[in-house]
Amino acid sequence: MDFIIAKYNYWIYIILMMIGFYAMIAKNNLIKKIIGMNIFQTAIILFFVSIAYKKGDATLPILTYADAHGAHAIRAAQYMNPLPHVLMLTAIVVSIATLGVALAIAIMMYKKYHTLEEDEILKAIK
Amino acid sequence: MKTVGLIVSMIVGAFLIYGTMDMPDWGDPNSPASLHVSPRYIMNTETETATPNIVTAVLADYRGYDTLGETVVIFTAGMACVLLLRRRNKFKKNRG
Amino acid sequence: MIITFDIIILLFVVMCAVAAITVKDLLSAVMILGAYSFFMCLMWTQLGAVDVAFTEASVGAGIGTILFIAAVMKTTRRTRD
């Protein structure tokens with residue numbers, strides 16, 4: 001039981017990631033593929049943010065007033081790990097950039113082939 | 001295609017779940033990720049940057065070049081969108 | 001972190017993800033993806049990552065949904081799967 005409580009978050013993140021992966025490789029519609037890509041990216045970001053979490057007495061990575069004036073020493077276990085938060089802040093913005101380019105390409109393909117279904121586009125290319 | 005995709009994603013998921021067996025427990029304060037680099041940021045942010053929020057201090061102060069690179073990525077993506085969506089309009093105008 | 005809250009939010013997130021890729025109307029799928037982003041934002045708030053949470057709420061759920069709706073409006077809502 002302890003083992004399940006220690007790991008079930010990871011398993012749900014992997015299920016989420018595999019939902020996105022399935023949508024990317026098996027769905028026929030381009031917008032559905034892009035939705036799958038978004039879910040995949042969000043699952044990876046969730047995994048990284050969950051690494052930063054510390055059980056116990058850890059709080060948000062914002063220094064409180066008493067600590068800020070050196071009243072007592074700051075312990076590292078007292079605050080959550082700020083580094084994954086920073087990296088994932090960058091990753092969210094980059095994911096929106098890739099989403100914009102992917103949607104622009106999908107709009108271009110619709111203008112050229114008048115469909116968003118992958119097999120019809122492949123038939124039209126031949 | 002659907003069944004192949006389902007089978008492939010289930011196999012990959014099984015491998016990844018097998019990989020989590022070696023991960024540290026969820027929320028463990030002594031996991032390797034929270035022992036090596038981040039204590040330095042947490043201890044020295046106040047004296048070095050005088051910012052209470054550690055996340056913004058690391059984002060804009062310690063790793064400012066990282067954020068600059070992110071801005072370059074956004075700029076590139078915006079230019080790609082503009083070029084992709086603009087070329088088609090020019091074609092339409094030329095055709096009448 | 002409250003463990004029941006954690007489990008409920010994770011359940012909602014997985015349900016929204018499955019619904020977003022199975023629904024047969026693209027505009028509905030995009031709307032469900034917006035709901036997914038907001039549930040993800042709640043998830044990050046309860047994990048303690050408030051900066052990531054409000055970036056996701058403004059950039060991921062706001063601008064992302066707007067881009068998706070613009071794309072669906074410029075193309076078509078119909079899909080076969």
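Each residue is numbered by its place in its chain's sequence as written, counting from 1. As they are written, the chains are lettered A onward and the ligands numbered 1 onward, keeping that order. pLDDT decides what is reported in this predicted model: residues at 70 or higher carry local features, side-chain atom pairs at 80 or more are listed and counted, and totals for whole chains, interfaces and linings draw on all residues regardless. Excluded from the side-chain calculation are hydrogens and water; included are all heavy atoms of the structure.

It is worth spelling out the overall build of chain A at this point. Starting at the N terminus, helices and strands are each numbered in turn, a helix being any DSSP run of H or I of at least four residues and a strand any DSSP run of E of at least two. Across its full length, chain A carries five helices and zero strands. For chain A, the N- to C-terminal ordering of α and β elements is α-α-α-α-α. Radius of gyration here uses only the C-alpha atoms, and the compact-globule reference equals 2.2 Å multiplied by the residue count raised to the power 0.38. Its C-alpha atoms give chain A a radius of gyration of 21 Å, more than 25% over the compact-globule value 14 Å for 126 residues. With respect to the three principal axes, the spread of C-alpha positions in chain A is 70 × 40 × 15 Å. Pairs at least 24 residues apart make up 49% of the contacts formed inside chain A by residues separated by at least 6 positions. Here the open area of atoms and residues is found with the Shrake-Rupley method and a 1.4 Å probe, where only the protein chains shown may cover a residue. Of the roughly 5,200 Å² that chain A leaves accessible, carbon and sulfur atoms contribute 71%. The charge count includes Lys and Arg as positive and Asp and Glu as negative, but it does not include His or the ends of the chains. All charge positions are set by atom: Lys at NZ, Arg at CZ, Asp at CG, Glu at CD. Averaging the locations of the 11 positively and 7 negatively charged side chains of chain A gives two centres separated by 5 Å. Between two residues, a contact is recorded if the distance between any of their heavy atoms is within 4.5 Å.

With that settled, consider the side chain of threonine 42 of chain A. Within the secondary structure layout, threonine 42 of chain A lies in helix 2 (residues 30–51). Once residues within four sequence positions are removed from consideration, threonine 42 of chain A is found in contact with Tyr36, Met40 and Trp44 of chain C.

So, about the packing of helix 2 of chain A against helix 1 (residues 3–22) of chain C. For helices, the axis comes from a line fit to the C-alpha atoms of the stretch in contact; other axes are also lines fit to C-alpha atoms, and the angle between any two N-to-C directions lies between 0 and 180 degrees. The N-to-C vectors of helix 2 of chain A and helix 1 of chain C enclose an angle of 165°; their axes lie 9 Å apart at closest approach. Viewed along their axes, helix 2 of chain A and helix 1 of chain C adopt a mutual orientation that is roughly antiparallel. Crossing geometry of helix 2 of chain A relative to helix 1 of chain C is assigned as left-handed. Residues Lys32, Ile35 and Ile39 of chain A of helix 2 of chain A form the contact with helix 1 of chain C, whose participating residues are Ala17, Ala20, Ile21 and Thr22 of chain C. Classifying every residue of the contact of helix 2 of chain A with helix 1 of chain C by side-chain character gives five nonpolar, one polar and one charged. Angles are sorted into four bins: roughly parallel if under 35 degrees, roughly antiparallel if over 145, roughly perpendicular if 65 to 115, and oblique for all others. Crossings are classed by handedness, with left-handed meaning an anticlockwise turn of the near helix from the far one by less than a right angle and right-handed meaning a clockwise turn. Under the convention adopted here, Pro, Cys and the residues Ala, Val, Leu, Ile, Met, Phe, Trp and Tyr are nonpolar, Asp, Glu, Lys and Arg are charged, and Gly plus all remaining residues are polar.

Relative to the elements of secondary structure, glutamate 56 of chain C occurs in helix 3 (residues 50–74). One buried charged residue, glutamate 56 of chain C, remains without a salt bridge, the closest side chain of opposite sign being lysine 32 of chain A at 19 Å. When sequence neighbours within four positions are dropped, the list of residues in contact with glutamate 56 of chain C reads Ile92 of chain A together with Ser37, Cys41, Trp44 and Ala61 of chain C. For every residue, the accessible area (1.4 Å probe, protein chains only) is compared with the maximum for its type, and the residue is labelled buried under 20%, exposed over 50%, or partly exposed between those bounds. By salt bridge we mean one thing: a side-chain nitrogen of Lys or Arg within 4 Å of a carboxyl oxygen of Asp or Glu.

Another aspect to go through is the interface of chain A and chain B. Facing the 48 residues of chain A at the interface are 47 residues of chain B. Buried area: the accessible area, evaluated with a 1.4 Å probe, that two parts lose upon being put together, summed over both parts. Buried surface at the junction of chain A and chain B, summed over both partners, amounts to about 4,600 Å²; 74% is from carbon and sulfur atoms. Inspection of the chain A/chain B interface yields one salt bridge. Here lysine 7 of chain A ties to aspartate 25 of chain B by a salt bridge, and the two come within 3.6 Å at their closest N and O atoms. Pairing of N or O atoms within 3.5 Å defines a polar contact, subject to two protein rules: one partner must be a possible hydrogen donor and the other a possible acceptor, and residues neighboring in sequence count only if both atoms are side-chain atoms. Linking chain A to chain B there are ten residue pairs in polar contact (both at pLDDT 80 or more).

Before going further, it helps to examine a nonpolar patch on the surface. Residues Met1, Phe3, Ile4 and Ile5 of chain A, Tyr18 and Met21 of chain B together with Met1, Ile3 and Ile7 of chain C make up a contiguous nonpolar surface patch of roughly 890 Å² in combined accessible area. Those elements giving two or more residues to the nonpolar patch turn out to be helix 1 (2–26) of chain A together with helix 1 of chain C. It is helix 1 of chain A that provides the largest number of residues to the nonpolar patch, a total of three residues. With respect to the secondary-structure elements, isoleucine 5 of chain A resides in helix 1. The partly exposed category is assigned to isoleucine 5 of chain A, whose relative accessible area is 33%. Here the term patch refers to residues with relative accessible area over 30% and no salt bridge, with like charges joined within 9 Å and nonpolar side chains (Val, Leu, Ile, Met, Phe, Trp, Tyr) within 5 Å.

All quantities given are derived from atomic positions and should not be read as evidence of function.
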